[in-house]
Amino acid sequence: LVPIVSGVTGIDGNIDLTWTAKLTPVEKTAYDVINKFQTETVTIFAQFDGDEQYTASTSKKKTATIMVNELKTIINSDKNLYRQGDSSLIYMAFLDNRDEFIDPDSLRVVLNNQEVQVEKKKVGSYVLTIPMLPKEHTQVFVIPVKEGYNIDNGFLTIIVDHLK
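The following refers to the structure shown. Nothing here was measured: the structure is a model prediction, and the numbers come from that model. (Residues numbered from 1 in each chain as written. Predicted model: local features only at pLDDT ≥ 70, side-chain atom pairs only at ≥ 80, totals over all residues. Heavy atoms only, no water.)

**Here we look at the sheet that holds strand β14 (residues 154-158)**
Pairing is antiparallel in the open sheet, where four strands are placed in the order β9-β8-β12-β14. The two strands at the open ends of the sheet, each matched to only one other strand, are β9 (114-116) and β14. Strand-to-strand, the axes of this sheet are offset by a mean angle of 25°, without reference to chain direction. (Pairing = 2+ DSSP bridges. Helix = DSSP H or I, 4+ residues; strand = E, 2+ residues; numbered from the N terminus. Axes fitted to C-alpha atoms, helices over the stretch in contact; angles between N-to-C directions.)

**Some details on the sheet that holds strand β5 (residues 69-77)**
Read across the open sheet, the five strands follow the order β10-β11-β7-β5-β13; overall the sheet is mixed. If you trace the sheet from one side to the other, it starts and ends with β10 (119-122) and β13 (149-151), each paired once. Along the sheet, successive strands turn relative to each other by an average axial angle of 25°, direction set aside. In this sheet, strand β11 (residues 125-130) lies alongside β10 in antiparallel orientation, the contact comprising three bridges. Paired with Glu-119 across the bridge in β11 is Val-127.

Geometric descriptors of this kind do not, in isolation, establish any biological role.
As structure tokens, then:
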């Protein structure tokens, strides 16, 4: 047993305690480069050891599942197919477990092996403008970081049609 919080009852005999779970990242394999937090199930109960005035008491046990925060990355472009020299708008969005927009703590965006800056439109929503696409296919990698969250990186390949 691990005590997670202690307190005293109020005048009505009820107790109200708060505990914030801290999950430890677990590496899935020796080759996994991203440590993901795992969902955990815990059993919680209250226990009073007793004193000179009151006898010992233990509450019923309750089981709870601690869900991990997730940061989902969504990336898409303004068109499906481009021609060489076209401009392109790349949209990036970051959502939490409740599908609400959330900002990462930091954001790295790599366009054809070069890190680029993106424009923040609103909370959790960013855009990258590529003024002129090369004749080769273009790749965009989105690498967000958010403390205490499992992260999904994003990537997009922009297909450039070589026909005029």
